[in-house]
Amino acid sequence: MSGVVHSVANIFRPLSTPAESIYSLSILVLAVCLVIFAVVAAILIYTLFRFRRPPGDFDREPPQVYGSNQIEIAWTVIPVLIVVVLSMATARVISEVQNKLPPADALQVTVVGHQWWWEIRYPAFGVLTANELHVPVSTADRPQTTLLRLESVDVAHSFWVPQLAGKTDLIPNHPNTMWIEPKVEGTFVGNCAEFCGLQHANMLLRVIVEAPADFDRWIASQQRPAERGHPDERLFMSLSCVSCHAVSGTPATGIFGPDLSHVMSRQTLGAGVMPNTFENLRRWIREPQSVKPGNLMPNMQLSDRELDQVQAYLASLK
Ligand code: CUA
């Protein structure tokens, strides 16, 4: 199972290609910079002590040096070589990451950025969910690449799960692609990495990497039509919630907000702002603007009784 939560989004602990190649490149760059820093600092400190003004020497100018071919060649050639090495290494990683042709059996997922949540579609399976991307783990005997198509319906966002891959922007009217190949099961946290408005910081994302059998089970559970016949379903369908949210098989077909067909199967509410519990569900419906100020869900001004009913109905959507 995917019980492990990798809660610290640590770029120094990559657990997927391409995050691994980005990590090795950054270690090379860091090492080169450290050597440069050490050499410059050593020469500076040596100079500070070696060329201090001797005691009693007030008005004599130090010897002036006008040009030295050896030194000038050295400080031109060495930095040029360093820059060439670093740009070659960078170009190699960039082409490795961007030009890789995904295998034919890659899992295709479409991620659509919204202010401020993630719509996630699996076109091949007819599955639609939000804020939690489930993917199968990639192992040596069963490699599995996931290809993400990134879109946006409003402003520019950026998909970033540090332990899995680098950032890629979601641009309106310009689909981007990126791929991940996670090697370890567990839940990986990520976030939007491009300022996209008031709740940019609360546009959180989870990638749940699971064994292929668990992934298949999850897909099957999401493909089921939503639970029908709950006593409070009628009330919910009469509210304007349905103009923004969809529940499969019902008159609720809104597309502005997250799909609610299996809302209780998700770990968080409001794109990661709080755990998805029965109590938090009520809080979210009652005062979405105090939980996540500025988000596009208005306060519906429900009576306590309606609140009970909506809460009970949504809790039945497993
Ligand atoms: Cu979406 Cu920042």
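Described below are features of the structure shown in this document.

Rules used throughout
- Residues numbered from 1 in each chain as written.
- Predicted model: local features only at pLDDT ≥ 70, side-chain atom pairs only at ≥ 80, totals over all residues.
- Heavy atoms only, no water.
- 1 Å grid on protein atoms, 1.4 Å probe; cavity = no way out; pocket = protein on both sides within 12 Å on 5 of 7 lines; lining within 4 Å.
- Points joined across faces, edges and corners; volume = space filled by probe spheres on them.
- Helix = DSSP H or I, 4+ residues; strand = E, 2+ residues; numbered from the N terminus.
- Nonpolar A, V, L, I, M, F, W, Y, C, P; charged D, E, K, R; others polar.
- Pairing = 2+ DSSP bridges.
- Contact = heavy atoms within 4.5 Å.
- Axes fitted to C-alpha atoms, helices over the stretch in contact; angles between N-to-C directions.
- Buried < 20%, exposed > 50% of the residue type's maximum accessible area, 1.4 Å probe, protein only.
- Salt bridge = Lys/Arg side-chain N within 4 Å of Asp/Glu carboxyl O.
- Expected span 1.5 Å × (residues − 1).

### Describing the layout of surface pockets
Over the atoms, a rolled probe matching the size of one water molecule traces out where space is still vacant. Here the second largest pocket is characterised by a volume of approximately 400 Å³. In terms of lining residues, the second largest pocket is bounded by 18 residues, among which I94, V97, Q98, K167 and T168 are the most central. For the lining of the second largest pocket, the secondary-structure elements that each account for two or more residues are α1 (19-50), α2 (69-98) and β10 (176-182). The class makeup of the residues in the lining of the second largest pocket is eleven nonpolar, five polar and two charged.

### Re the sheet that holds strand β2 (residues 16-17)
Pairing in this open sheet of six strands is mixed, and the strands run β2-β10-β7-β3-β4-β5 from one edge to the other. In this open sheet, the two edge strands, each paired with only one partner strand, are β2 and β5 (127-130). Bridge count for strand β3 (residues 107-114) against strand β7 (residues 146-152) is seven bridges, and the pairing is parallel. Paired with T110 across the bridge in β7 is R149. Sheet strands touched by helix α3 (residues 212-223): β3, β4 (117-122) and β5. Its angle to β5, the strand with the most contacts, is close to 95°.

### Quick notes on the pairing of β7
Summarising burial for β7: five of the seven residues are buried, a large majority. The sheet contact formed by β7 and β10 spans five bridges and is antiparallel. Within β10, the position partnered with T146 by the bridge is I180.

### Let's talk about the pattern of salt bridges
By the definition in use, this model includes eleven salt bridges. A salt bridge links R282 to D308; the shortest N-O distance between them is 2.8 Å. Residue R282 is located in helix α5 (residues 278-286), and its partner D308 is located in helix α7 (residues 304-315); the two are separated by 26 residues in the primary sequence. Among the residues examined, D308 registers a relative accessible area of 40% and is labelled partly exposed. One network of salt bridges, in which partners are shared, links R283, R286 and E287.

### What to know about α1
Between the first and last C-alpha of α1 there are 46 Å, a value that for 32 residues agrees with the 46 Å anticipated at 1.5 Å per step. Inspection of α1 places A19, S21 and L25 among the buried residues, and these make up the whole buried set. Looking at the buried residues of α1, the elements they touch are β2 and α2.

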